[in-house]
Amino acid sequence: MKRMTRIIAALMCIALLGMILCSCQQLDDKKRNHAVYTDDSKETIEFRGNNYKRLTLPSESIVPVTPYDYIGATAYVTTKDVPVLLSSVFGEEIAYDIKSDEPVVIQCYKESSIETNNNFLVNSTSVYGYQYDNEKCYVREDHFDELNEELKDGNLDHYYYYDYGTKDFELKDSDSSDEIAYEMNSDYEVKIDEKMIDDESTAAINETLKNGKKIEYNKLKNHTYSSFSLMYCDKNLLFTDTSKILIIFRDTTADKYYLASMAYDYANHKELIEAPEKYSQLFKKLFSENKNIVFEDDDLSSYFEYDFEDAEEVKEESDSPAIKL
């Protein structure tokens, strides 16, 4: 009986110790993900031993490039008087690059009222859609001056794409129901990462956009194409412009390459820009290295039969300021 009592007591001690260690780990995690406004002006944030200054972004479409897997590693910013354990109750949720121990950019989410048929949730806030608050973007002090200068005109001249981290992924042209067909095997797993294109390709794109020959869409629409999409960013892949996308079309009939800058996935003009032949090998290399995320047999009309006004209407319809329950 005494032996059994000692065993039970030992097990209880082990369980209690585990609970204490678990609680300490949870507290450490909360401390690590707790940012603090340094004063009432809320112009500066302290986070993980670094100071961050508020940066005014040039437009609402300029936002940080953040990984898709930030959910589950939530962090909050509060005033100094809020205890760590209450940060999620009284704090503002923030987004940052969780792959970095000392992220360069922090941004708060917008607060929006939740509409209900009663008053129970009226005073709550929501991050539905995870919309960023462009008035509450903070940059680490050692990067502030550089980024402030680079972003002030809103013209981002570098490019990146999403690498899905798998060879078992292939994009094909839209079918009759206008749905993109995805082909994958049974153990398919998506691992999304942002990758910038190299400096040589970046220079080729910018030179083509500036001086390339413009050709009317109607003169090219009867050819067959593949396409590769790029997003705009700054040189450090910290900010992106969500309103724009750059598409490189490969004319598989004539083996030529064309660029088209889109607004919300629609062309705001009816022209493509032909890349000089001296850059053909660079673009060919881009397509070859990323063949798993290249659209084959793409249809130009899906981009050029709509205009910027159509895109604006789509954007307005998609912007929902509140959740209706």
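Cut-offs applied
Residues numbered from 1 in each chain as written. Predicted model: local features only at pLDDT ≥ 70, side-chain atom pairs only at ≥ 80, totals over all residues. Heavy atoms only, no water. Buried < 20%, exposed > 50% of the residue type's maximum accessible area, 1.4 Å probe, protein only. Helix = DSSP H or I, 4+ residues; strand = E, 2+ residues; numbered from the N terminus. Pairing = 2+ DSSP bridges. Arc of directions from axis to C-beta. Contact = heavy atoms within 4.5 Å.

J.: Explain the pairing of strand β19 (residues 256–263) to me, please; I cannot follow it from the model alone.
T.: Counting buried residues in β19 gives six out of eight residues, a clear majority hidden from the surface. Bridge analysis of strand β18 (residues 244–251) against β19 gives eight bridges, and the strand direction is antiparallel. The residue bridging Ile245 from the neighbouring strand is Met262, located in β19. Between β18 and β19, which pair antiparallel and follow one another directly, the connecting turn spans four residues, one of which, Asp255, has a positive phi of 55°.

J.: What am I meant to see in helix α3 (residues 141–151) here?
T.: Considered for burial, the residues of α3 that qualify are Phe144, Leu147, Glu150 and Leu151. All buried residues of α3 fall inside an arc of 145° around its axis, so they share one side. Turned more than 90 degrees from where α3 packs its buried face, Asp142 and Asp145 sit exposed. Turning to α3, the residues buried within the fold contact β3 (50–54), β10 (132–140) and β17 (239–241).

J.: I'm lost on unusual backbone geometry in this one. Help?
T.: If a residue is not glycine, its phi is most likely negative; likewise, a peptide bond is most likely trans. Residues other than glycine seldom take positive phi values, yet Leu237 does so here, at roughly 55°. In this structure, Leu237 sits in the loop between β16 (225–233) and β17. One non-glycine residue, Asp255, adopts positive backbone phi at about 55°. Take Asp255: it is sitting in the loop between β18 and β19.

Such coordinate-based values are descriptive only and should not be taken to indicate function.
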